[in-house]
Amino acid sequence: MIQYIASDVDGTLLHGHATELNPELFDIIRQLKEHGIHFIAASGRQYKNLRRLFAPVKDDISYVAENGSMCVHDGKIVSLGHIDTGLIYEIADAAKEYGHCHTLISTARTGYTDSKDSDYINHIRNDVGYDMDVVQNVRDIKEPFIKIAVCDFDGTEKRLRAYFQERFGDRIKIVTSGNIWIDFIAPNANKGSALSNIVSSLGMNPKNGITFGDQYNDLEMLQLSNTSYAMTTAATGVADYATHTTDSVEETLKDLLKNL
């Protein structure tokens, strides 16, 4: 019995440098809804950005945003994570010390950066489509923090991930999120626990779903459902946590619909 579908976005529904979803996905989501199957977007992205990305069906789906730190259904926050303010400051300071990366700090309302790099700011605002304010100092932000992410356009595996893992790995969970991002996850927040919370609140069994992902921030989500798919392009080892692999979420869901 399939009650819900939950899918990661970047690297799973969006491939390469794509900035818009396949329009076919929206029709699939509508068809799933007709069969009583609820769709959930589960991403490291911010909630407002996800609503724009899924605009044609934005009110028909639920959202696990910020890697599980913010869950929204029917326009209402179901759960919200929190990262200690002092730790956010330390990570932001370490990023400045590293020197070749940029921070994106999330609150429930918007994103912030203290980067002055015009290419990075343009990438976040125009390519990714985020709401983001630029501040002189992260200590000027007066809202509770739910996530911090660090971007390195050269990729995360060369030095960046190891640098932050050595400094903060014993204090906060650090995961790759796409090829150029590492995310610092709020305590007790991940896509799996967040997804479990949101589907349980809707009266569904967390096991009765199908999940899709491609990165290490998807592992808990892939393990949650009875059926899960890792993308064939997934990061090394991710497929070990899934029951299947696929080249296309859309094609897999179309096959599901044929058999309903």
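The sections below set out a description of the structure shown in this document.

Rules and cut-offs
- Position numbers for residues start from 1 in each chain and track the written sequence from start to end.
- Totals for whole chains, interfaces and linings use every residue, but because this is a predicted model, local features are given only for residues with pLDDT of at least 70 and side-chain atom pairs only at 80 or more, for both listing and counting.
- Computation of side-chain values covers all heavy atoms of the structure but excludes hydrogens and water.
- Here a cavity denotes grid points, spaced 1 Å and computed from the protein atoms alone, that fit a 1.4 Å probe unable to get out, and a pocket denotes an open set having protein on both sides within 12 Å along at least 5 of 7 lines; residues with an atom within 4 Å of a point are the lining.
- Grid points are joined across faces, edges and corners, and a volume is the space filled by probe spheres set on the points.
- Amino acids are sorted into nonpolar (Ala, Val, Leu, Ile, Met, Phe, Trp, Tyr, Cys and Pro), charged (Asp, Glu, Lys and Arg) and polar (every other residue, Gly among them).
- Each axis is a line fitted through C-alpha atoms, taken for helices only over the stretch in contact, and angles between the N-to-C directions span 0 to 180 degrees.
- Numbering of helices and strands runs from the N terminus, with a helix taken as a DSSP run of H or I at least four residues long and a strand as a DSSP run of E at least two residues long.
- Oblique is the label for any angle not under 35 degrees, not over 145, and not in the 65 to 115 range, which are roughly parallel, roughly antiparallel and roughly perpendicular in turn.
- Left-handed describes a crossing in which the near helix is turned anticlockwise from the far one by less than a right angle; the clockwise case is right-handed.
- When checking whether two residues touch, look at their non-hydrogen atoms; a contact exists if any pair is within 4.5 Å.
- The rule for a disulfide is simple: a pair of cysteine sulfur atoms within 2.5 Å.
- A simple rule labels every residue: compare its accessible area, found with a 1.4 Å probe on the protein chains alone, to the largest value its type can have, and call it buried under 20%, exposed over 50%, or partly exposed in between.
- Between any two strands, at least two bridges found by DSSP are needed for them to pair.

All right, on to empty space enclosed by the protein then. Where empty space is left becomes clear once a probe the size of a water molecule has been rolled over the atoms. Throughout the structure, instances matching the rule amount to two cavities of 30 Å³ or more. Counted as a void, the largest cavity has a volume near 50 Å³. For the largest cavity, the full set of lining residues is Q46, Y47, K48, E66, M70, T107, A108, R109 and T110. In terms of residue class, the lining of the largest cavity is built from three nonpolar, three polar and three charged. By volume, the second largest cavity amounts to about 30 Å³. Taken together, N67, K173, V175, I185, N190, K191, N217 and E220 make up the lining of the second largest cavity. Along the lines of polarity and charge, the residues of the lining of the second largest cavity split into two nonpolar, three polar and three charged.

Our next topic: the packing of helix α1 (residues 24-34) against helix α8 (residues 249-258). For the pair α1 and α8, the least separation of the axes is 10 Å and the interaxial angle reads 30 degrees. Between α1 and α8, the interaxial angle falls into the category roughly parallel. The chirality of how α1 crosses α8 is left-handed. Contacts between α1 and α8 involve E24, L25, I28, Q31 and L32 from the former and E250, L253, K254, L256 and L257 from the latter. Class assignment of the residues belonging to the contact of α1 with α8 gives a composition of six nonpolar, one polar and three charged.

A separate point is the state of the cysteines. Inspection of the entire model under this criterion finds zero disulfides. Between C101, a cysteine without a disulfide, and C151, which holds the nearest cysteine sulfur, the sulfur-to-sulfur distance is 8.5 Å. A residue is classified by how much of its surface remains accessible, and C101, at 11% relative accessible area, is buried. By relative accessible area, which is 0% here, C151 ends up buried.

Turning our attention to the sheet that holds strand β14 (residues 244-246). Across the sheet, eight strands lie side by side as β5-β4-β3-β2-β1-β12-β13-β14; this open sheet has mixed pairing. Edge positions in the sheet fall to β5 (76-80) and β14, since each has one partner strand and no second. When the angles between neighbouring strand axes are averaged without regard to direction, this sheet yields 20 degrees. Relative to strand β3 (residues 62-65), strand β2 (residues 38-42) runs parallel, the two sharing three bridges. Residue pairing for β3: I40 is matched across the bridge by S62. With respect to the sheet, helix α6 (residues 191-201) is in contact with β1 (4-7), β2, β3, β4 (70-73), β5 and β12 (209-213), its orientation differing from that of β3 by roughly 155 degrees.

By themselves, these figures tell us nothing about what the structure is for.
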